[in-house]
Amino acid sequence: DVVLTQSPATLSVTPGERISLSCRASESVDTYLHWYQQKPNESPRLLIKYASQSISGIPSRFSGSGSGTDFTLSINGVELEDLSIYYCQQGNSLLTFGSGTKLEIK
Amino acid sequence: QVTLKESGPGILQPSQTLSLTCTFSGFSLSTYGMGVGWIRQPSGKGLEWLANIWWDDDKYYNPSLKNRLTISKDTSNNQAFLKITNVDTADTATYYCARIGGGETLDYWGQGVMVTVSS
């Protein structure tokens, strides 16, 4: 099974900051790595697909990078509405999710 | 417009079989490349993928649960189903279905249905 390790588990941020969240795979997943945002009491929402491809309707402050085993989700100018849990998911070998990174206000 | 909605029993007892239904619109599971997946989330915890079913009836299961899972579909009624046998309290969770796009992206999600296993 492909294990995805997300770090940090929790990130305290100030609105307006540029931040980066990490997702590391136990083996190469090429670019079959996708990011989701889950707000409290809501279903997850697809943010970024294939490591770096944007999704229609998602604000441009969200971007992704990486390939193989190391991936990053960046938010350029965090807003209060971004306070959520962020999950990465690989689709190269069945599906697995990372354990999530929770964004909270500093 | 793509929508999905899960339905289930709400509460069931240990050792029973959990039956879940995903009713969707805006796409067809008879269309090449389309798939539906099931994912669950215990309260306050992370996401766990359970199973996928594809337009050609290919099925894939989480290896850790494979012996207990059965996924199926009714293309004419735009529904997908998941059965989990021999449930216990560890199966208490919100269960989601989602449309699967390219690269196994889960591009549309249902609102989720809460299932509690309790004696």
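Right above here is the structure, for reference.
Overview of the structure. Just so it is clear, the model here is predicted, and its values are computed rather than measured.

1. Notes on the packing of aromatic side chains
Then comes step 1: Going through the model one piece at a time under the given rule, you end up with eight aromatic pairs over all chains.
Then comes step 2: Ring plane angle 65° and centroid distance 5.8 Å describe the contact between Tyr32 of chain A and Tyr50 of chain A, whose orientation is recorded as edge-to-face. Placement of the pair is Tyr32 of chain A in the loop between strand 3 (18-25) and strand 4 (33-38) and Tyr50 of chain A in the loop between strand 5 (45-49) and strand 6 (53-54), with a sequence separation of 18 residues.
Then comes step 3: You can call Tyr32 of chain A partly exposed: its relative accessible area is 30%.
Then comes step 4: Ring geometry for Phe24 of chain B versus Phe27 of chain B: centroids 4.4 Å apart, planes at 15°, classification stacked.

2. Quick word on the interface of chain A and chain B
Then comes step 1: Between chain A and chain B, the contact holds 17 residues from the first and 22 residues from the second.
Then comes step 2: When the two sides are added together, the surface that chain A and chain B hide from each other amounts to roughly 1,500 Å², 66% of it contributed by carbon and sulfur.
Then comes step 3: Of all residues in chain A, Leu94, Leu95 and Phe97 of chain A bury the most surface against chain B, accounting for 38% of the area lost on that side.
Then comes step 4: For the interface between chain A and chain B, the tally reads nine residue pairs in polar contact (both at pLDDT 80 or more).
Then comes step 5: Those elements that place two or more of their residues in the side of chain A that touches chain B are strand 4, strand 5 and strand 9 (85-90) of chain A.
Then comes step 6: Of all the elements, strand 4 of chain A adds the most residues to the side of chain A that touches chain B, at three residues.
Then comes step 7: Here the side of chain A that touches chain B is composed, by residue class, of nine nonpolar, five polar and three charged.

3. A few points about the pairing of strand 3 of chain A
All names here are of chain A.
Then comes step 1: Only one face of strand 3 is covered, namely the one carrying Ile19, Leu21, Cys23 and Ala25; the face carrying Arg18, Ser20, Ser22 and Arg24 has none of its residues buried.
Then comes step 2: Of the pairings in the sheet, the one linking strand 3 to strand 8 (residues 70-76) comprises seven bridges and is antiparallel in character. Residue pairing for strand 8: Leu21 is matched across the bridge by Leu73.

4. Focus: unusual backbone geometry
With glycine set apart, most residues show a phi of negative sign, and most peptide bonds adopt trans.
Then comes step 1: In this model, Ser7 of chain A is joined to Pro8 of chain A through a cis peptide bond whose omega is -10°.
Then comes step 2: Positive phi outside glycine occurs at Asn78 of chain B, with the angle close to 55°.
Then comes step 3: Counting through the fold element by element, Asn78 of chain B comes out in the loop between strand 7 (69-74) and strand 8 (79-84).
Then comes step 4: Owing to a relative accessible area of 23%, Asn78 of chain B belongs among the partly exposed residues under this scheme.
Then comes step 5: Positioned with a positive phi, Glu104 of chain B is a non-glycine residue whose angle comes to about 65°.
Then comes step 6: Considering the arrangement of structural elements, one finds Glu104 of chain B in the loop between strand 9 (93-100) and strand 10 (106-109).

5. Side note on the nonpolar core
Then comes step 1: Residues Trp35 and Phe97 of chain A together with Leu106 and Trp109 of chain B are the most contacted members of the largest nonpolar core, which totals 37 residues.
Then comes step 2: Contributing elements (two or more residues each) for this core: strand 3, strand 4, strand 5, strand 8 and strand 9 of chain A together with strand 5 (48-54), strand 9 and strand 10 of chain B.
Then comes step 3: Take this core: its biggest share by element is four residues, from strand 3 of chain A.
Then comes step 4: Those residues in contact with Phe97 of chain A that sit more than four places away from it in its chain are Leu4, Tyr36, Tyr87, Cys88 and Gln89 of chain A together with Ile39, Leu47, Glu48, Trp49, Leu106 and Trp109 of chain B.

6. Concerning the sheet that holds strand 1 (residues 4-7) of chain A
Sheets are built from strands paired through backbone hydrogen bonds, the pairs being either parallel or antiparallel.
Residue and element names in this part refer to chain A.
Then comes step 1: Read across the sheet, four strands follow the order 1-3-8-7 without closing on themselves; strand pairing throughout is antiparallel. The two strands at the open ends of the sheet, each matched to only one other strand, are strand 1 and strand 7 (62-67). Averaged over all neighbouring strand pairs, the angle between strand axes comes to 20°, with direction disregarded.
Then comes step 2: In the sheet, strand 7 pairs with strand 8 via six bridges, with the strands oriented antiparallel. Among the inter-strand pairings, Gly64 is bridged to a residue of strand 8, identified as Leu73.

Scoring rules and cut-offs
Residues numbered from 1 in each chain as written. Chains lettered and ligands numbered in written order. Predicted model: local features only at pLDDT ≥ 70, side-chain atom pairs only at ≥ 80, totals over all residues. Heavy atoms only, no water. Phe/Tyr/Trp six-rings, centres within 6.5 Å; stacked < 30°, edge-to-face > 60°. Helix = DSSP H or I, 4+ residues; strand = E, 2+ residues; numbered from the N terminus. Buried < 20%, exposed > 50% of the residue type's maximum accessible area, 1.4 Å probe, protein only. Contact = heavy atoms within 4.5 Å. Buried area = accessible area lost by both parts, 1.4 Å probe. Polar contact = N/O pair within 3.5 Å; in protein donor to acceptor, adjacent residues only side chain to side chain. Nonpolar A, V, L, I, M, F, W, Y, C, P; charged D, E, K, R; others polar. Pairing = 2+ DSSP bridges. Core = buried A, V, L, I, M, F, W, Y, C linked by side-chain atoms within 4.5 Å. Axes fitted to C-alpha atoms, helices over the stretch in contact; angles between N-to-C directions.

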